[in-house]
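# Working through the structure, step by step
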Amino acid sequence: ASDATEHDVVVIGGGPGGYVAAIKAAQLGLKTACVEKRGALGGTCLNVGCIPSKSLLNNSHIYHQIKHDIKQRGIDVEGVSLNLENMMAAKDKSVKGLTSGIETLFKMNKVDYVKGTGSIANENEVVVKPLDGGADISLKTKNIIIATGSEATPFPGLEVDEKKVVTSTGAIALTEVPKKMVVIGGGIIGLEMGSVWSRLGAEVTVVEFLEAIGGPGMDADVSKTMQRLLGRQGIKFKLATKVLSGDASGEGVKLEIEGVKNGKTESIEADVVLVAIGRRPYTEGLGLENVGIETDERGRIIIDQEYRTKHSNIRVIGDVTFGAMLAHKAEEEGIAAAEFIKKGYGHVNYGAIPSVMYTHPEAAWVGQSEQDVKKSGKEYVVGTFPFIANSRAKTNLDTDGMVKFIADKETDRILGIHIVGPNAGEMIAEGVLAIEYGASSEDIARTSHAHPTLSEAFKEAAMATYDKAIHA
Ligand code: FAD
Ligand code: NAD
């Protein structure tokens, strides 16, 4: 196997981390190839993650709103029905458009797109097994960036068939609405996909091991508010409950569950079980053993501050290494890794990475949760503002939720911002910028925000940290 061209950079994995690293490296004048094995660029995020789930969240929300919320707006609609096949087709169209868009970006930036499975043979060589079954291709390279991402963590003893027992990949592609769905894990995937199927008519029960929903990092007020609002939408929660075992041999799936505190066991049944207990780094077939690169106890590839493994020319970014498993975090690292290679420096501000849960209302946050600030021992103040007191939310008949600011008591510097509300995911961008610039909450409160907009709630919550809000 041989390929005469030597590359400056070979990126393994074409997800948000890998494709962005490849484009940036090429823009910096480095001869770059990107190896991807799934037959489409965009990784988990574009193919089976962020994008298809948001398509279904958006369209199921519109369906649900027309069914349950449209009369109060003075619109009478009759004969509303779900066409799941078309809803899925709309999702597939968005995915296709975006993944092929990245192929165009590769062409424009002269990134070589190599379709196949990449394995590191040695520090300066990646061997690719082509997707089309041809002979192995050898890519000689000065640098390697590993961006192989993650996969769903399986639940022991419950085999995933992506039909009855599904991960998120099956949950974005069901061909009919299940009557009963049980979600194992009340994290972001569980709540987003649980919302989709609940809106489309499934009876959804979320079983969560911890006492709160939302997964790690969610502020307790946000978690409680979201549980109340999602509960009102019909999702049932079994918190502090452990799934002991599952049996999918019958028509449906039977789960044995146990209360964490009282040890009481019961069994519940579902047509479809969604396993959403987290994701784990994916390094299968990558050849890490050929170069002695190690992973930690959770399978994450060990790196230093500059994303380097023990070989300084092999760097690692995104879900396969440390940090939040988020597409925009992987993208930032992709740019930084390419810049480290070309310029010797690069930077990601991990204190200013937003999180968004795209339920309705959305939840979004940046910085520390109140429980984290409390733990740090720092003195702090909290300012909140409810959307019920915001004029735009009122005219939109969309008033659930609130904005919460946490600021340093002494300096007023913003420590964390947490939003539950309509468009929270867009609104948080202002908070991320504020933290990036080291703003105080007073900086935001004295910045004019257009009226009537939802962002006035953001301003007033900031005001409430050091003074009183006007409208609440
Ligand atoms: P990935 O996107 O996983 O890409 C890795 C790629 O590498 C894959 O395409 C894989 O095929 C390829 N690969 C692996 N090994 C090899 C090999 N040896 N050779 C060649 N190719 C290889 N994040 C958000 O920020 N916002 C969201 O709304 C969001 N929604 C999500 C919804 C769902 C249902 C899921 C599952 C995830 C979601 N995420 C979201 C998380 C997001 O998808 C990931 O954080 C992101 O995709 C990580 O990017 P990555 O480049 O590190 O890895
Ligand atoms: P998660 O870590 O967010 O949540 C998993 C939940 O499952 C946790 O609350 C955990 O306590 C619970 N759990 C674990 N084992 C359990 C068990 N045996 N029984 C019951 N509950 C159990 O993981 P996820 O929701 O699977 O998401 C995976 C990753 O994908 C996350 O890192 C997330 O950030 C990312 N993602 C992000 C978005 C977004 O940004 N909107 C959307 C989807 C996924």
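Structure: above.
For the structure given in this document, a descriptive report is provided here. (Residues numbered from 1 in each chain as written. Chains lettered and ligands numbered in written order. Predicted model: local features only at pLDDT ≥ 70, side-chain atom pairs only at ≥ 80, totals over all residues. Heavy atoms only, no water.)

### Side note on the site of ligand 2
Close to ligand 2 lie 22 residues; Ile189, Glu192, Glu208, Gly278 and Val356 are nearest. Interatomic distance of 3.2 Å between a backbone N/O atom of Phe209 and a nitrogen atom of ligand 2. Protein chains bury 79% of the 840 Å² of accessible surface belonging to ligand 2 in isolation. Taken together, the residues that form the shell around ligand 2 break down as 14 nonpolar, four polar and four charged. (Near = heavy atom within 4 Å. Polar contact = N/O pair within 3.5 Å; in protein donor to acceptor, adjacent residues only side chain to side chain. Areas by Shrake-Rupley, 256 points an atom, 1.4 Å probe, with all protein chains shown as cover. Nonpolar A, V, L, I, M, F, W, Y, C, P; charged D, E, K, R; others polar.)

### Re the layout of surface pockets
If you add up the space inside the second largest pocket, you get close to 390 Å³. Those elements that place two or more of their residues in the lining of the second largest pocket are α3 (50-68) and α7 (220-232). Of all the elements, α3 adds the most residues to the lining of the second largest pocket, at four residues. Broken down by class, the residue content of the lining of the second largest pocket amounts to three nonpolar, eight polar and six charged. (1 Å grid on protein atoms, 1.4 Å probe; cavity = no way out; pocket = protein on both sides within 12 Å on 5 of 7 lines; lining within 4 Å. Points joined across faces, edges and corners; volume = space filled by probe spheres on them. Helix = DSSP H or I, 4+ residues; strand = E, 2+ residues; numbered from the N terminus.)

### Overview of the site of ligand 1
Near ligand 1 there are 38 residues, and of these Glu36, Thr44, Lys54, Gly118 and Ala327 occur at the shortest range. Between ligand 1 and Gly17, the relevant distance is 2.9 Å, taken from an oxygen atom to a main-chain nitrogen or oxygen of the residue. At a separation of 2.7 Å, an oxygen atom of ligand 1 approaches a polar side-chain atom of Lys54. Isolated, ligand 1 exposes 1,000 Å² of accessible area, and the fraction of that covered by the protein chains is 94%. Elements with a minimum of two residues in the shell around ligand 1: α1 (16-27), β2 (32-36), α2 (43-48), α3, β3 (112-122) and α8 (327-343). The dominant element in the shell around ligand 1, judged by the number of residues it contributes, is α2, at four residues. Broken down by class, the residue content of the shell around ligand 1 amounts to 14 nonpolar, 18 polar and six charged.

### Re the pairing of strand β20 (residues 402-408)
In terms of burial, β20 is largely enclosed, as seven of its seven residues are buried. With burial as the criterion, each face of β20 is covered, one bearing Met402, Lys404, Ile406 and Asp408 and the other bearing Val403, Phe405 and Ala407. Pairing of strand β19 (residues 380-386) with β20 involves seven bridges; the strand directions are antiparallel. Residue pairing in the sheet places Gly383 in a bridge with Phe405 of β20. As judged from the six bridges shared by β20 and strand β21 (residues 414-421), these two strands associate in the antiparallel manner. Each bridged residue has a counterpart across the sheet, and for Phe405 the counterpart in β21 is Ile417. Counting the residues between successive antiparallel strands, the hairpin from β20 to β21 contains five residues, one of them, Asp412, with a positive phi of roughly 70°. (Buried < 20%, exposed > 50% of the residue type's maximum accessible area, 1.4 Å probe, protein only. Pairing = 2+ DSSP bridges.)

### A look at the environment of Asn109
Among the secondary structure elements, Asn109 is positioned in helix α4 (residues 84-109). Those residues within four positions of Asn109 in sequence are excluded, and the remaining contacts are Ile23, Ala26 and Gln27. Of note is the side chain of Asn109, whose polar atom sits 2.9 Å from the backbone oxygen of Leu105. (Contact = heavy atoms within 4.5 Å.)

### Re α4
The first and last C-alpha atoms of α4 sit 38 Å apart over 26 residues, in line with the 38 Å expected at 1.5 Å per residue. Taken residue by residue, α4 has Leu84, Met87, Met88, Lys91, Val95, Thr99, Ile102, Phe106 and Asn109 as its buried positions. Note on α4: the residue one or two positions beyond its end, Lys110, has a positive phi of about 60°. (Expected span 1.5 Å × (residues − 1).)

### Some words on the sheet that holds strand β12 (residues 253-259)
Strand order in the open sheet formed by three strands is β11-β12-β13, with antiparallel pairing between adjacent strands. Two strands close off the open sheet at either side, each with one partner strand: β11 (241-247) and β13 (265-270). Adjacent strand axes in the sheet meet at a mean angle of 30° when their direction is disregarded. Two elements, β12 and β13, share six bridges in a ladder whose sense is antiparallel. Following the sheet pairing, Glu256 is matched in β13 by Ser267. (Axes fitted to C-alpha atoms, helices over the stretch in contact; angles between N-to-C directions.)

Note that every value here comes from positions in space, so none of it alone points to a role or purpose.
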